[in-house]
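# Structural description and commentary
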Amino acid sequence: MGEYQFRKPALPWQAGIPGFASVYFSLGLLARGYRSSRSSPSKQREEREKERERGENPPASGSSSSENSTNFIQLISISSFLMAEAAAVSALLRVVIGKLATGAWKELAPLKKVRRNIRKLQSALSTIQDVLEDAEERSPREKALHNWLRKLKDAAYDADDVVDKFHIVALRRRRRHGKVSRLFSLPLPLAFRFRMTRKIKKITKRLDEIAAERIKFHLREGPVSDRRVEIGHRHTSSAVDESEVIGRDGDREKLVHLLVDTGSDKDVVIVSVVGMGGLGKTTLVKLVYNDERISSDFELRIWICVSEDFDIRRLTRAMIECVTQEDCRLCELEPMQLRLRSLLRARKFLLVLDDVWNENAEKWDDFKCLLRGSAAGSKVIVTTRNERIAVMMGSIAPFQLKVLADDDCWTLFKHKAFGMERVKETSSLEAIGKEIVQKCGGVPLAVKALGSLMSTKRDEAEWLAIRDSEIWRLSQERTEIIPALRLSYDHLPSRLKQCFAYCSLFPKDYEIRKHVLIEMWVAEGFISPTDEGMLEEDAGNEYFNVLLWSSFFQEVTEYLYGSVITCKMHDLVHDLAQSIAGEECLTMEVGSQKNIPERCHYSSLICNEMSLTISKFSSEAKKLRSFLVLQPGDYFSHSRSPAEVPKNMLSTLTHLRVLDLSGCRIIKLPNAIGKLEHLRFLDLSRTEVETLPNSITHLHNLQTLNLRGCRELHQLPKGIKNLSNLRHLDISGCKLLERMPSGMGQLRNLQTLTMFTVGEDCGSTFAELQGLNLIRGYLEVNNLQHLKNPEEAVEAELKAKRGLRMLQLNWKREADSVPGENVENVLEGLKPHSNLEQLEIKEYGGINFPVWMTAIEPLSSYTSLVRINLSNFERCTRLPPLAQLPSLKFLILVSFSALRTISTEFYGDTGTFPSLESLQFRHMPNLEELLLAIPGRETFPRLTYFRAVGCPNLTAQPSIPSSIRSLEIQKCKMELLLAGDRINLGSSSFSHLRKLVIYNCRAPSPSWWNRLQYFTALEDLRIDGCEDLTCLPEGIVQHFSSLRIMTIGNHPNLSSLGEGGPQQCLLTSLRHLKIYRCARLSALPEWLGGLTSLRRLEIINCRNLASLPDGMRLLTTLQDLSIRHCPLLERRCEREIGEDWDKIAHIPRIDIRLTSASTM
C-alpha cells in the first residue's frame, strides 16, 4: 500500500453504542464506487513521454513565459493545500484505527450483531486511505477537491473525539473495576449512551452529505506505491553566468581542490554537495564544472540532470549523448552500457549528477558499475538536498554548503534591485532593503528573487509592504522561493507531512527540543510505527531524522555522544511550513493576540514582553488540539515568562491533546485540569507550582508530564499511579521532592523517569523500579543514604534497564555523620546494564568500590561507557582499574581526601585508557603521586586535555603525556608541568600543546619561569594569580611564534613585561593581548610594536601604568583597544588632547572608560 501501509487490526471489533455502526457505514460510502477507468499514473507518464518523442502535445500557443511562471506558482500553492489536507485526514484516520485496535470497544460492549458492520468498517477505512493517496496526487487545479477534503477532515476530527471519548471511558472502567471480564456485566450509564448517540447521529449526517459528493471526483481506490506529485520538474545544464554569482569563491576553491588534488587512486571518488533548496548547490557546481583548472585536468566532462527519475537506462543514454554529442539510437540497456564503458575506458572524467532524489542504494550500486575501467583520478559530483543520499552516494564526507554571508547577500540584492537602474538607490530604500535581505536567511535564491521583485517597485511604501510581509505570502508576486523549497516537501512520505507542518507552531529561530517535538507528535497521533512492537517514540525519532537529512532542520546541537538535543528551522523553511499548515496552525504574540478561527486546531503564543497577560479564549477556540506558550531562548535556560494563564482556558479548551505552559506564572494549577480528558502532553516545566491537584490523576490518556525545573514543587500527587498511560515523567531539577508517591511501580509504560528520590519513611520504595524496564535515557537517584536494605537495591534491577544511558547515584551526608554499614553493599546492588554511557556518583561513603567497578570481567563489559564523574569519595584510598574501559573518553575525579597515590591499580593487568581524551583531578589535598605511564604499554594514546585543580602536593610520574593539547593547573606545584630537572622533556613532550593555563601556582624558584620557553607550539597562554611572578619570561617573547592569545593578570608583584624593541619580538601571530590587575606595572615594553598581527588589546585595572610605548604607532592591524580603570593612562589617551592620543588615533575602535575622581 506504499506510504500508507499499516497492519490491519484483528477482528472482530465489537461495540454496543446505538447508531455507531451507521457512522462506519457512512464512512464506507466515501470509499464505495470510487473506482474509475483512469489509467495509472505510471502509464500516464509513459504516454506523455511517447507523445513528446512523437512531437505531440506541444505547449499552448500564445502563452508568455511570465504567464507560465505565474500559473506554475499558483499551481504549486494550490497543490500544497491539497497535499496537506489529504495528509492530515490520512493521519487522523490512522489515529481512529489505532484506537479501535486497542480493544476498548470489546470491553465496553460485547454485542455480536455489529460484527458485520465492523468488518465493513475495516475495509472502508483501509479504502479511504487509498482514496486519500489518490486525492493527494490529483491535479492541483481541483479546488473543489480541496474543499471536499476540508469537510472530510472536519468530520474526521469530530469522529476522533467520539472514539477517544469511548477509549477514555474504557480506561476509567478498567481502572475502577479491575478485570476486563467484569466490564461486560456493567452497562453504560443511560445519559452517557444518549449523549453519545446524539453525537454519532450528527456525524453520520455530515458523512452522508460528504459521501454524496464523491462521484464528481472519480477518486481511484487501491494501493499506490512510490508516487510523487508531478509538478515543477527541474532541468539544469552546465551553463552559468559567473557575473551573477556572488559570495561562493571560497566554496569554489575548496571544491576544485577536492577534485584536482585528492583521490588519484584507481577508484572513482564521489563528492556529494548537500544543502537545503535555494542555497545554490547547482550554481556552485556549474562554477566548478566550467573552471579552467577542471577543464584542463579532466579529459571528459559530463553533466546529467537526474531529478526524480533515477533510471539507469535514461542516465546511460544521457551520458553517451553528452560524450558523443550525438543522439543515441540504442534501445536495450546492455548495448548502451557496453557503449558507455568503451567511451569511458582509460579516460579521466568528471561526471555531475545534479539534483538527485533517489534513496535506493541498489540503483546507485548498479549505476556505479558503469564507471569501472576509467582512468585514475576520475570524479563524480552529486548535488542533493538529502543528507542521507549524500552519505549513501559519497565516498568521502559530504560537502555541506552553507548560507551566504550578510555582506554577500546585500551585494547580490543590490545587483538585482538597483543594478538595471530601474529603481534609484536611496538611503531610505537601502535601509529597507537590508531589512528585506535579513528575511532571506542567507539563501541566494531568496535574495535574487526578492531583489528582482524590488526592481519593479519604486515607491518606499511598496518596499515597506514587502519588508513587513511573510515570504510565503508573496507567491502571487511571482517569486520562486517557496515553490523551490516545496519540492523537498513533495518528496516527503505522506506520514511526515503533517509532522513538518506542525513545526510552524514554533517561532523563527526557536530552539526546538527534539524529544519534546517527538512527544508532541505522538500525543497528536501523527506517528505510525512501521514494525510490530516498535515504540511510537522510536518511530518518531526516525521521522525526525528524515526531516533532518532532508534539510528541514539545521543548527543542530548534539550531546556528548552525537545524539541530537535541539535544532532550528531556517526562516524560509519555516515560511514553507506556514504555507503548508495554512489555517490549521496559528502563531500569535502576547499583546497582539487574534481570534482563533474555528478551523484552527493547533496554536502557539509567543511571549516576548515582560509583564503581559494572555487574553481570554473565545468559544471559537474550543476545537484546539495543541496550545503552546513559548519563550524564545536557550534550551537550558531557567528563565520564566511573566505570562499569566487566563482562568477560562481549561474550561474552554476541552479538546486539547497538547498543552505547553512551560515557564508561565503558575503557582497553583486549577482542579479543572482534570477535565481535559483528551490531554496526552502536559508541560509545566519552569513554573512555580508547589503541588499538583489530585484531579490531574484523572487524565488517563496522559503520556507526557514535564515538571523539569519546578523548584517549588515539593510533592507529586498520591494517585499518580492511576496514570497508566504515562510514558514520560521529567522531574529533574525538582530539588524539594523528598520522596516518591507509592505505586510508582504500576506505571509500566514509563519510558522517562529522570529522578527518583528515596524517602526516609513512607512513600514509594526503591524496589518499585523493578518492573519499569522500559525506562531509558537519564535517571538520577537521590538520597541513597535512606536506602538501608541492600536487597532493595538489588530488587530495583537497574541491570535489567537496557535503555538507560546516563545514571547518577547521589548520597547526602551530613557533617560528622558516619556512613551506614551497608553503603558498600547498596552500591553493589545498584549495578547498571552494560549499555550505560555515563556514570556519575556523588558522596559515596564507602571505602571500597563494588565488584562491578573493580573486577576486570564485569568492568570491561561496559563497552559503551564514555564518561565517569566521581566526586566526594572521602574515605576511598584506592581507585578502580578504570583503564580497562575500552570506550571511556572523559574521567573526572573530585574530592578524594584519603587518596595519596594513584599507581598501577588504576590500570589493572592490561589497561591503557585507549580512548580517554579528557582527565581531571580536583581538590585532592593529599594526593602526592600520579603514575601516568606503565612500562611496556602505550598509555593515554588519545589524551588531549589534562586539568589539575587544588592538588598542592601532586607530581606526575614520569611526566604528563606528550599527546596533551590543552593543559590547566590551578593551585598546584609548578613542578607538575616538568617533573624534576628534566628540562629536555619540554621541547619533545609538549610539541602538541596548544593551550596552557596557570592559575594561582607557585614556582620553586624565580628562574623556574624560564622553562616556559620550551612550550613553543602554544597558541593560547593564560597566567593568572601567581604572586612570585615579577617579570614576564623572555622566552615567551622570543620563542612563541605560534601564540595567538595571551592573558596576563592578577600578579601583584609583576613590574615588567620584559625589554627589547619590535625587532626582538617574535610574537608575530598574536591577535589578542589582555593585561589586567597588575598593580606594580608602570610601563609597557617597546616590543609591543612587533605584534604585527595584533587585532585586540585590553588593559584593565593597571593603576600605575603611566604611558603607552611609541611602538603603538606600528600596530597597523589593531582594530580594538580597550583601556579601563587605568587613571594615569586614561588621561594621556584622552581623545584629541591626550599626550598619547597620536599613538592610538589610527585604531578604528577605542573604548576608554574614564575613572571618576572618587575612585582614583
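Residues numbered from 1 in each chain as written. Predicted model: local features only at pLDDT ≥ 70, side-chain atom pairs only at ≥ 80, totals over all residues. Heavy atoms only, no water.

If you check an unreviewed UniProt entry, the protein appears there as Disease resistance protein RGA3 from Phoenix dactylifera.

### Points about the overall build of the protein
To be explicit about the condition: In this text, helices come from DSSP runs of H or I with a minimum length of four residues, and strands from runs of E with a minimum of two, each type numbered from the N-terminal end. Any residue under 20% of the maximum accessible area for its type is buried, any over 50% is exposed, and the rest in between are partly exposed; the area is computed with a 1.4 Å probe on protein chains only. We call two residues in contact when some of their heavy atoms are within 4.5 Å. Using the Shrake-Rupley algorithm and a 1.4 Å probe, accessible areas are obtained, with residue cover drawn only from the displayed protein chains.
Along the backbone of the protein there are 32 helices and 35 strands. Evaluated residue by residue, the protein yields a buried proportion of 54% over its 1160 residues. Put simply, of all contacts in the protein between residues at least 6 apart along the chain, 71% involve residues at least 24 apart. Total accessible area on the protein stands at roughly 50,300 Å², and carbon and sulfur atoms take up 47% of it.

### As for the pattern of salt bridges
Put simply, the rule is: When a carboxyl oxygen of Asp or Glu lies within 4 Å of a side-chain nitrogen of Lys or Arg, that pair is called a salt bridge.
Tallied over the full model, the rule gives 48 salt bridges. Notably, a salt bridge pairs D730 with R708, separated by 3.8 Å at the nearest N-O pair. Linking D730 in strand β15 (residues 728-730) with R708 in the loop between β14 (704-706) and β15, this pair joins segments that are 22 residues apart in sequence. Accessibility expressed as a relative area gives 29% for R708, which makes it partly exposed. Here R1113 makes a salt bridge to D1110, at a shortest N to O gap of 3.6 Å.

### Details of helix α23 (residues 571-581)
Most of α23 is tucked away: ten of the eleven residues are buried. Those residues of α23 that sit buried are L572, V573, H574, D575, L576, A577, Q578, S579, I580 and A581. Following α23 by one or two positions, G582 has its phi on the positive side, about 60°.

### Some words on the nonpolar core
As a reminder of what qualifies: Remark: nonpolar core denotes a set of buried residues (Ala, Val, Leu, Ile, Met, Phe, Trp, Tyr, Cys) joined through side-chain atoms within 4.5 Å.
Of all hydrophobic cores here, the largest spans 174 residues; its most connected members are L659, L707 and L977. Each residue touching L707, except ones within four places of it in the same chain, is listed here: L684, S685, L692, L713, L716, L729, D730, I731, S732 and C734. In this structure, Y289, C409, M520 and I527 belong to the second largest nonpolar core, which totals 101 residues.

### What to know about the pairing of strand β29 (residues 995-999)
Just so we agree on the cut-off: Between any two strands, pairing holds if DSSP finds at least two bridges.
Alignment of strand β28 (residues 966-970) against β29, held across five bridges, turns out to be parallel. Bridged to L967 within β29 is L996. Pairing between β29 and strand β30 (residues 1020-1024): five bridges, direction parallel. Following the sheet pairing, V997 is matched in β30 by R1022.

### Some thoughts on the packing of helix α17 (residues 444-454) against helix α18 (residues 460-467)
Relative orientation and spacing of two packed helices are given, respectively, by the angle between their axes and the distance between those axes. Note the threshold: Where helices are involved, their axes are fitted lines through C-alpha atoms of the stretch in contact, as for all axes, and angles between N-to-C directions lie from 0 to 180°. Roughly parallel means an angle under 35 degrees; roughly antiparallel means over 145; roughly perpendicular covers 65 to 115; every other angle is labelled oblique. For any pair of crossing helices, the crossing counts as left-handed if the nearer helix is rotated counterclockwise from the farther one by less than a right angle, and right-handed if it is rotated clockwise. Residues are sorted three ways: Asp, Glu, Lys and Arg are charged, Ala, Val, Leu, Ile, Met, Phe, Trp, Tyr, Cys and Pro are nonpolar, and all the rest, Gly among them, are polar.
For the pair α17 and α18, interaxial distance at closest approach is 11 Å and the crossing angle is 155°. One way to sum up the angle between α17 and α18 is to call them roughly antiparallel. For the pair α17 and α18, the crossing hand works out as right-handed. On α18, the residues that touch L450, L453 and M454 of α17 are E462, W463 and I466. When the residues that make up the contact of α17 with α18 are grouped by side-chain class, the tally is five nonpolar, no polar and one charged.

### Considerations on the sheet that holds strand β10 (residues 602-606)
Consider a sheet: its strands pair through backbone hydrogen bonds, and that pairing is either parallel or antiparallel. Within the open sheet, the eight strands sit side by side as β9-β10-β11-β12-β13-β14-β15-β16. Their pairing is parallel. Here the strands that pair on one side only, and so sit at the sheet edges, are β9 (585-589) and β16 (752-753).

### So, the packing of aromatic side chains
How two aromatic rings sit relative to each other is set out by the distance from centre to centre and by the angle between their planes. We apply this condition: Each pair of aromatic rings taken from Phe, Tyr and Trp, with Trp reduced to its six-membered ring, is defined by centres within 6.5 Å and is described as stacked if the planes are under 30 degrees apart, edge-to-face if over 60, and tilted in the remaining cases.
Summed over all chains, the structure comprises 26 aromatic pairs. On the numbers, 6.4 Å between centres and 65° between planes, the contact of F310 with W364 is edge-to-face. Taken together, the positions of F310 in the loop between β2 (300-307) and α11 (312-324) and W364 in helix α13 (residues 361-368) put the pair 54 residues apart, joining distant regions of the chain. The interplanar angle of 50° and the centroid separation of 4.6 Å between the aromatic rings of F500 and F552 together place this pair among those described as tilted. One end of the pair, F500, is in helix α20 (residues 494-502); the other, F552, is in the loop between α22 (536-549) and β7 (554-558), and 52 residues separate them in sequence. Of the two residues examined, F500 and F552, each falls in the buried class. Three or more aromatic residues link up through ring pairs in this structure, and these residues are W811, Y844, F849, F873 and F896.

### Comments concerning α17
Each turn of an α-helix holds 3.6 residues, which means side chains three or four residues apart point in the same direction. Buried residues dominate α17, accounting for eight of its eleven residues. P444, A446, V447, A449, L450, G451, L453 and M454 are the residues of α17 that are buried.

### Things to note about the packing of helix α15 (residues 406-417) against α17
Across the interface, α15 lies against α17 with an axial gap of 7 Å and an inter-helix angle of 30°. Here α15 and α17 pass one another in a crossing that is right-handed. Residues C409, L412, F413, K416 and A417 of α15 form the contact with α17, whose own contacting residues are P444, V447, K448, L450, G451, S452 and M454. Partitioned by chemical class, the residues of the contact of α15 with α17 number eight nonpolar, two polar and two charged.

### Let's talk about the sheet that holds strand β25 (residues 929-931)
An order of β23-β25-β27 is seen for the three strands of this open sheet, with the pairing classed as parallel. A strand with exactly one partner marks an edge of an open sheet, and here the two such strands are β23 (901-902) and β27 (955-957).

### Focus: the environment of L429
Mapping L429 onto the fold places it in helix α16 (residues 427-438). When the C-alpha positions of L429 and A461 are compared, they lie 9.9 Å apart, and in sequence the two are 32 residues distant.

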